[in-house]
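# Structure at a glance
Read off the chains here:
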Amino acid sequence: MKLLTMLSEFGKKLKPFFNLKIENFEDVLSLILGAGVFALVIFQAAYMDMTYDEAYTYMNTGRIQDVWKIYQFRIANTHVLNSLLMTITTLFFPYNDFAIRLPAVLLAGFYISTAISLSKKFQNRLIFLGMLLLFYYFTTYLSMARGYGMSAAFLLAAIFVYKNKSQFKEWYLWLANLFLLAMYANYVAIPIILVMSTYTVSYTHLRAHETGRNL
C-alpha cells in the first residue's frame, strides 16, 4: 500500500511533463502531430530490421545474466540505462525485437509529451514543436534500442524544468537527476550537460546578485 502511495505521489510530480489538455486549435494540431510521430516510432520499432549495434548490446549487456558487464565500460556501444531497462522488458520475452526496443519507445513517448508541453511556452509553438519532432534520423533513433533518444528525452525534460521552475519543488534537484539520467543513457550528453549546468549556475548567481543589489 505504501508503495502505491509513493508511486501515486511520484506520478503527480511528473504531471507537468504531460500537459496535453485541449484548450485551442493549436492543442489539437500538437496532439495530432505528437500522436503521428509516436505511431511512426512504434511502427519502426515493430518492423524495422534489428541493427548490429542493437543486437550486440542485447547479446552482451542486455540479458539478465550479462547485465553486470555494463560496468566494465569495454566499448562505446554500452549505453548503461538502455541495457538496464532492456533486461527488464526482455525478461519474459527474450530475443523479441519489440521487447528489446520497448524502453526506447517508452522514453520516446515521454520525449514527445514533454515537447508538446514545452511548446506551449512559445509563441510560434507549432514551428517549435516541428523542430523538436520532425527529423527522420531522430525518430529512427527514438525507435531503436540505443541510448541516444533516451538521452535527448532527459535533456529536453531538464530544459522543461528550467523553463517551469515554479511547478517543481527543488527544481535544481530535478535538473541534477535528469542530467544524471541523460549521462547514463548516453555519455555523449556530457558536454551538453556541462554547458547547461554552467549556464544555469551562472544565470542563477547573476540574478541573485542583481536582486540583492536592487534591494
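Everything in this summary refers to the structure shown in the same document. From a predicted model like this one, the values you see are computed outputs, not experimental measurements. (Residues numbered from 1 in each chain as written. Predicted model: local features only at pLDDT ≥ 70, side-chain atom pairs only at ≥ 80, totals over all residues. Heavy atoms only, no water.)

### What to know about unusual backbone geometry
Keep in mind that most residues, glycine aside, have a negative phi and that most peptide bonds are trans. A positive phi angle, near 60 degrees, is found at Y95, a position not held by glycine. Tracing the chain through its elements places Y95 in the loop between helix 4 (80-89) and helix 5 (97-119). We note that E170 has phi near 55 degrees; this positive angle belongs to a residue other than glycine. Along the polypeptide, E170 turns up in the loop between helix 8 (148-163) and helix 9 (171-185). (Helix = DSSP H or I, 4+ residues; strand = E, 2+ residues; numbered from the N terminus.)

### Points about the nonpolar core
In this structure, F17, Y111 and V161 are the most contacted members of the largest nonpolar core, which totals 43 residues. Going through the elements one at a time, helix 2 (25-47), helix 5, helix 6 (125-133), helix 7 (136-143), helix 8, helix 9 and helix 10 (190-214) are the ones with two or more residues in this core. For this core, the element with the most residues is helix 8, which contributes eleven residues. Sequence-distant contacts of F17, that is, excluding residues within four places in its chain, are made with F110, S113, T114, S117, A157, F160, V161, F168 and W174. (Core = buried A, V, L, I, M, F, W, Y, C linked by side-chain atoms within 4.5 Å. Buried < 20%, exposed > 50% of the residue type's maximum accessible area, 1.4 Å probe, protein only. Contact = heavy atoms within 4.5 Å.)

### Description of helix 5
Over its 23 residues, helix 5 runs 32 Å from end to end, which matches the ideal 33 Å to within 8%, given 1.5 Å per residue. At P103, helix 5 shows its largest bend, some 40 degrees. Extensive coverage of helix 5 is indicated by the burial of 18 of its 23 residues. If you check the start of helix 5, you find a side-chain oxygen 3.1 Å away from the backbone N of F98, and it comes from N96. (Expected span 1.5 Å × (residues − 1). Bend = angle between axes of the 7 residues up to and from the residue. Polar contact = N/O pair within 3.5 Å; in protein donor to acceptor, adjacent residues only side chain to side chain.)

### Considering the layout of surface pockets
In this structure, the largest pocket encloses a volume near 270 Å³. Forming the walls of the largest pocket are F10, K13, Q167, F168, K169, E170, L173, W174, N177, L178 and L181. No other element matches helix 9, which puts five residues into the lining of the largest pocket. Of the voids in this model, the second largest pocket is the one considered here, and its volume is about 200 Å³. F10, L14, F17, L107, F110, F154, W174, L178 and L181 together form the lining of the second largest pocket. Elements with a contribution of two residues or more to the lining of the second largest pocket: helix 1 (2-14), helix 5 and helix 9. When residues of the lining of the second largest pocket are assigned to their parent elements, the largest contribution, three residues, is made by helix 9. Here the lining of the second largest pocket is built from residues that sort into nine nonpolar, no polar and no charged. (1 Å grid on protein atoms, 1.4 Å probe; cavity = no way out; pocket = protein on both sides within 12 Å on 5 of 7 lines; lining within 4 Å. Points joined across faces, edges and corners; volume = space filled by probe spheres on them. Nonpolar A, V, L, I, M, F, W, Y, C, P; charged D, E, K, R; others polar.)

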